[in-house]
Each structure stands twice: as C-alpha cells, then as structure tokens.
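Here's the letter readout for the chains.
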Amino acid sequence: MSPSGPDRVILAVAVSSPLKRAFDYLPDRETPDDGWVPGVRVRVPFGQRSVIGVVIDIRDHSDVPPDRLRRIEALIDRSPLPGDWLWLCRFAARYYQHSLGDTLIGAMPSLLRQGRPLEARTRTRWSITDQGRSPGETVTRAPRQAELLAAIAQHPRGLVASAITALGFNRAQLNALRDKGLIDCREESVAAPLNERHATTLAEPTLPLHREQSGVLAELHQDLDRFQVSLLHGVTGSGKTEVYLQLIEAVLDRGRQALVLVPEIGLTPQTLSRFRKRFNAPVIALHSGLNDSERLDSWEAARSGRAAVLIGTRSAVFTPLARPGVIIVDEEHDGSFKQQDSLRYHARDLAIARAQRHGIPIVLGSATPSLESLARARDGHYRHLRLNTRAGNAAPATLSLVDLRGKPQRGGLGPQALAAIREHLEAQRQVLVFVNRRGFAPTLACHQCGWLAECPQCDARMTLHRDPHRLICHHCEQQRGVPDACPECGSADLRPQGAGTERTEEALQEAFSDTRILRIDRDSTRRRDALEQHLNEIRQGEPCLLVGTQMLAKGHHFPHVTLVVVVNADGGLYSADFRALEHSAQLLTQVAGRAGRAQHPGRVLIQTLHPEDPSLRLLVEEGYDALAESLLTERRLAGLPPFRYMALMRGESARMEAVIDLFTRAGETMRTWLAERGLAVHCLGPVPAPMERRQNRYHAQLLLSADRRSALHEAGAWLDDWMSQQSDARRLRYSIDIDPQEM
Ligand code: ADP
Ligand code: ZN
Ligand code: ZN
C-alpha cells in the first residue's frame, strides 16, 4: 500500500503541549494498519525530542503535506488505556479549555508517562499444599527443605518469595519442594493481593445507626443503580463517615468499587484505618507519600478491579475503575479540591460528571456545604440529606463573640480568652487555640515612622519568624535578616504586629508555664511523622494546649478539647474576593466543630475587632446554614456564582504594561465580538489582580460571566483562540480558569 494512497492510516496523537490540537503521524513500520485503536500510547518524534503521546484518532487523511508527516517511533500498549479514564480526560480538557495532550499526560501515573508498560507488577507467593501438611518421609534426608517447609507451614496465607530469600533459603530448595508436591505458588499483584474470597464484606461489625443516619442511608440505598447527586449535609460529628462506610458496604456487596475523595488534609492514618478495619476487601490510598511504582500499582489495581475501595485526594478523581459503584466526596466545600495551575479542575465537579457518565450515585458530604452545592440542593437538582444531631449525643458547642477592641493582648489573646483557657485547664481539659497565620507575627513595624517590613518582590508584608529568626515572604519564600533598626528612620523601636502561631505559643507558655503546649502548623510538622506524634499525644487526653493553623481545624477528632479560641476572626470579613466570607465561615465552623465531641459540651470563643458585623453575628448566633442562606441571597442579587458562571483569564509579565496592553485589547475585541454575536456574556476588565506584584511579576485579570454555561464556554473558547493568535501573548504567561475559586 502506498503511503499517499487513499486508504493509508494517519494517527492523530495528543502529546503534552500547550497547543490545543493533536498532531498527525504515520504508523511505525512494525504495526499492521489494522492494529491501531484509539487510546494506546506511542513514542513519537516531537520537535527535537522523542516524547510519549496517546493516539486519539485514526484517520485516512491529513492536512499536513505527506513529505512533512513523521513516523511514530514505537507503539507501547497492546491494549488502550482505560476507557473511563480516557473519557474523563477528554471531558476535563474540553470543559476546562485545556490541551488534551497535557491533560492525558498529566493525569497518568508518571511511570506511564515515561513509557513503562501497563501490566501490573507481581510477586510470587508460596503456600503449603495438603500433601505438604503431612510430608511423611519425603524431606527427612533434606534438612534445609524440611526447615523451609516448616517456615511456609507457619503462614496460613503463604510467604512471598522475597521473604523466603530473606530467611536464607534459595530457589533450588523451593523447586525441590514443589516437585514433591509439598508446596505450590501463585502470582499476585503487589498492590492489592487477591484475597481468598470472603463470604462477607465486613471485617468488623457496623455501628447501629441512630435514627437520622438510618433515614439517610435508607434513601441512599434506594438509588444504588442510577446517577443521583446527594448532598449529605451533617454537622461535624453527626456520623457522616459511618453513613459512607455502610453505603460502601452495600456497593461492595454488589461487586462494585467505591471511590472516596478527601481533602488534602483529610487523608490521615485514622481515616484510612477506619476504612481498612471495616472491610474484608483491598482498600487503597492514593496519597503524596506513594513512590512512582506504588502509584502505578494502585492505578492498575483500580483499573483491573482488584482494589475495592480507593481513597485519595484531588487527583484521585482520575483513577480508572473497572466496576464503579459509588463516588463519595468528603468535605466537598474544601478548597483543596480545586487545582490552581495547569489543568484547573475541580475534583468535585469532575466527580459529578464521572458519576453521571457511569450512571452511579455520588454523595457530597459536608458540615458546611459550598454555596454551589447548597443552591443545587435547594433547586432540587441534588437530593438534600440532613444530619442535625451529633452521634453519641454530644451536645453542640456554644459559640460567642469576644470584643477585642481596646483590650490588652498577650500573643493575640485578650483577658477573657485567657481566663477561659485557665478555667478549662484547671478542669483538666484540653484547649485549642486557632491562629490563622504561622510564624511569629504577620509583620514587623517601626513605631516611629510607620515603616512596615515589605517583600521587595511582592505586594505583601513579610512574616516575622522566631525560629529561625528571619523575615519570610509567604508568597515567594524570599527571606532576609531581621533589622536592628528601622531602615527608613533608624529608630530601634521595631515591634512585631499581630500574632502568628509562634507568638501565641510563646505568650501561652509564659501564662501557663506548667502546661504542655503543642504547636501544629506547617513549620512545626515538617518532619514526616511529627503531626501524627502530636495527634497521638493529644488523643491520650492529658490536659494540654494546642496552638495551630487550619491544619488543626479539619478532619481531626479531639474528644478531650472543650474550649476552642479563635484568635482573630476578621480575616475574611473585608476581602475583595466575594468568596472570602463563605470560606472563612466554613473554616470557623470547622474549627468550632473540634470542641466538645465527647461527653463534655464545648465552648467556642471568637475574638474580633468587629463584634457588630452582621455576618459574623449571624454565624455565631444562628450558625453556618443561616449565614449561607443570607450569602446566597446576596449572591443572587449581585449576579454572582452560583447564580452566574464565571471564567477568569489571568496574565502575568515582568512588565506591567505588557500584560495590561494585551488584556485591554483582548477585553475590547471581546466586547465587540460579544455585541456582534449577541451573546449574553459580560466581560469585565482588565483589572490588576488582588496581589498585583508577586515575585516581581505583574498580574492582571479579565473576567467573563454569563447566565448560561454554554455561552460562557463559547466566549472562553473564542478568547482563547484570539489570544493564541497574538504575537505578544507568547511573551507572557496567561491562563483561563473556568469556575475560578479565587479571584
Ligand atoms: P462526621 O464524619 O460527621 O464528622 P463521624 O462519622 O466521624 O462523623 O462520627 C463522629 C463520631 O461518632 C465517631 O467517633 C463515630 O465513631 C461516632 N459515631 C458515628 N455514628 C455513630 C453511631 N451510629 N453510634 C455511635 N457512635 C457513632
Ligand atoms: Zn522608622
Ligand atoms: Zn514575596
């Protein structure tokens, strides 16, 4: 067959490239023309390099002149990558307007990206046969063989080859025993050894559900075989996890798999062990601690169906599943589900798309649902399931605002908070102090001239750290020494402003010198198991003080904490970002939820300089749900998400004019095009980004918003295309973020 003939084969290959198109190639010389299917990996020449790509289409013609078509170097896969995974990548690339090649390559385990075969890694497990249990005379004259047989006999599930080698036995001894029919071996996957079939799914009994939980579970049970989004809206400690576990049990009983997505901070050893203890089936965690081979093993175990339950953070939404049965997104409001660079996806939203595609139920759980999910529940798109009482009859914590105006402070704590801490410590209880900033103080100031320690590279103040004693910018990591005198006026009267965790810890140490204080933030937990050690100590229940950032606020159970103090609640009140208040209300509610989970009722003191603020009062007096209602009303009136859809184009450059010029032209052209096209999309800007200068680069943004998603996508695609034609766009970095979470 001639390569220019009408029936030649052209392969469209997606490679990792910002260009939003596939590239045409001729087949390699080994693979027969009918041997191609979409979804296989290939190695192709790309520019000067050789890269891995994925065949996404097989065509009979190309617009590239025949003499310029290059040949595929090698076909890697015998069968295509998993179909559900390919579908999700395509969906994500289209929805988030990202290059498909980049999406595919970015979403596969790195060993696959490097061209490693897809087959599962296996190991050999040796176990004893019936005959081996009564070997008779067969090994009496081979003492080493007898020892080996005894060693294997001790392990009911058998021994893996590496363990046998470690015991000092060799292959010849194994073979000899096998030839005598005394032992036998089988291959098993490294990631999820195929267990002997268990008659039951459960390894431990379930908890008897309380009334609300049973109601919720009964509703969920009704729809195991169809797509349905349920918002499980339950106060902290109401037993959502127990509901997930029992729902998963039903799914496993049907021979299906469960995918559980948790926030970055939520994948703790306790969470995992709760799942592992419950089921007689392989539970696989996908977390950042896995090395490349383990990651590939887990992927393979999920794809083949050997893994029953997959638990992971954001990127786990891309795990292929052989027999999907349910998806659960725990703490669905959590910001870590949104990826902030490259493919800017929201794992919750992709999970919903995926569940719809598979025709399976999805449960979004939270004590403080996102306004997006609440709005969908209110308009009937999602089923709204509520759990209003805490499991085990723990009483809800009482919240109160503490006016900090004009009060003396120690490490950010006013007299009322200090007195309450003393009282709870004297009652042999634990106290949690929440500070929203790590370091010693948010900045250093001169009391003579008002100078503030600012980052030379960013529009931000540098944080004062005590240990090491330095000024550090939390945005660009730039560091410098702490000056002895003011660089502006020479005064020695430099003072830390505000309180970070280190300063609060220091003040508490002075005030309560006999009390154990545990500080938990990113600095104090850099060592791998430091957090786990601290948490273990806290669980012992001895009276102590915990000082920490939001690392403490989420996911952990502290049954002995009866008082929570929020050092400063004002962060989210006056921010330019319309979501700031929602996020800070979620965080405060989560922090408050740490108090009084066991038999002792909890108290939460929230310090503020704005005790009259209506939002703060609503939150404290009536709770998150009431505040969320009022925020939803505001959003509707203001035409903001979830009542409108948004896309944000961000750009950055070393020169302010470069980004502003280009974005101004983009905005003007866009508005003209929108008017001509009659498309109901608003285009706002360009405006400088909230922190305009970061690492000496200038950031600006252009905002699109629309009532209809399809209009927004059409406008976004047009803008993206227009940008790709501008020569000056190549000199700066820009990106389009669909459904941006931070503005
Ligand atoms: P959530 O996920 O809503 O914060 P959990 O499922 O973690 O709540 O439950 C909080 C605590 O209550 C856990 O210690 C859990 O073991 C316990 N719990 C949950 N459901 C029940 C139940 N039905 N009976 C007794 N204890 C329960
Ligand atoms: Zn000064
Ligand atoms: Zn900086």
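Residues numbered from 1 in each chain as written. Chains lettered and ligands numbered in written order. Predicted model: local features only at pLDDT ≥ 70, side-chain atom pairs only at ≥ 80, totals over all residues.

Describing the sheet that holds strand β10 (residues 228–234)
Paired through their backbone hydrogen bonds, the strands of a sheet run either parallel or antiparallel. Applicable threshold: Strands were regarded as paired on the criterion that DSSP finds at least two bridges between them. Secondary structure is summarised from DSSP: a helix means a run of H or I of at least four residues, a strand means a run of E of at least two, and numbering begins at the N terminus for each. Axis definition: a line fitted to C-alpha atoms, over the contacting stretch in the case of helices. Angles run 0 to 180 degrees between N-to-C directions. Think of it this way: build a C-beta for each residue from its backbone, and any pair within 7 Å is a contact.
Here we have 7 strands laid out as an open sheet, ordered β12-β13-β11-β14-β15-β10-β16, and parallel in their pairing. Each edge of the open sheet is held by one strand with a lone partner, namely β12 (283–286) and β16 (383–387). Direction aside, neighbouring strands of the sheet carry axes that sit 20 degrees apart on average. Of the pairings in the sheet, the one linking β10 to β16 comprises 5 bridges and is parallel in character. From the neighbouring strand, Ser-230 faces β16, where its bridge partner is Arg-383. Sheet strands touched by helix α9 (residues 240–253): β10, β11 (257–261), β13 (309–312), β14 (324–330), β15 (361–366) and β16. Its angle to β14, the strand with the most contacts, is close to 170 degrees.

Some points on the environment of Arg-495
Along the chain, Arg-495 turns up in strand β23 (residues 494–497). The residues touching Arg-495, leaving out its near neighbours within four places in the chain, are Ala-445 and His-447.

Overview of the site of ligand 1
Quick reminder of the rule: As used in this record, a residue near a molecule or strand is one whose C-beta atom, placed from the backbone, is within 6 Å of it.
Around ligand 1 sit 15 residues, and of these Gly-239, Lys-240, Thr-241, Glu-242 and Ala-391 come closest. Tallying contributions element by element places α9 first for the shell around ligand 1, with 3 residues.

Considerations on the packing of helix α18 (residues 614–622) against helix α19 (residues 624–638)
Going by this rule: When residues are sorted by character, Ala, Val, Leu, Ile, Met, Phe, Trp, Tyr, Cys and Pro go into the nonpolar class, Asp, Glu, Lys and Arg into the charged class, and all the rest, Gly among them, into the polar class.
With their axes 7 Å apart at the nearest point, α18 and α19 run at an angle of 145 degrees to one another. For the pair formed by α18 and α19, the contact residues are Ser-615, Leu-618, Leu-619 and Glu-622 on the first element and Tyr-624, Ala-626, Leu-627 and Ser-630 on the second. Class assignment for the residues of the contact of α18 with α19 results in 5 nonpolar, 2 polar and 1 charged.

Observations regarding the domain arrangement of the protein
Here is the rule we go by: The domain limits used here are those given by an automatic or database domain assignment.
Domain boundaries in the protein define domain 1 (10–114), domain 2 (122–189), domain 3 (211–387), domain 4 (398–440 + 499–636), domain 5 (441–497) and domain 6 (645–738). The gap between the C-alpha centroids of domain 2 and domain 3 is 41 Å.

Let's talk about the pairing of β12
The line we're drawing: The exposure label follows from counting other C-beta atoms within 10 Å of a residue's C-beta, where the C-beta atoms are placed from the backbone and the thresholds are 20 or more for buried and 12 or fewer for exposed, leaving partly exposed in between. Handedness of a crossover is defined as follows: orient the strands so they point away from the viewer, and if the path from the first strand over the helix to the second runs clockwise, the crossover is right-handed.
Side chains Val-283 and Ala-285 project from β12 onto one buried face, and the interleaved Ile-284 and Leu-286 project onto a second face that is buried too. Relative to β13, β12 runs parallel, the two being bridged by 4 bridges. Looking at β13, one finds that Ala-285 is bridged to Ile-311. Once you follow β12 into helix α11 (residues 292–304) and on to β13, the crossover reads as right-handed.

What to know about the sheet that holds strand β29 (residues 681–694)
Spatially, 4 strands are ordered β29-β30-β28-β31 in an open sheet, and the strand pairing comes out antiparallel. Strand pairing shows two members of the sheet lacking a second neighbour, β29 and β31 (733–738), which therefore form its edges. Direction aside, the axes of adjacent strands within the sheet are offset by 20 degrees on average. Sheet topology note: the strand β28 (residues 645–653)/β31 ladder contains 6 bridges and is antiparallel. Opposite Gly-651, over in β31, you have Tyr-734 as the bridge partner. Its contacts with the sheet place helix α20 (residues 656–677) against β28, β29 and β30 (697–706), and it is angled at close to 170 degrees to β29. Contacting β28, β29, β30 and β31, helix α21 (residues 709–724) runs over the sheet at an angle of about 145 degrees to β30.

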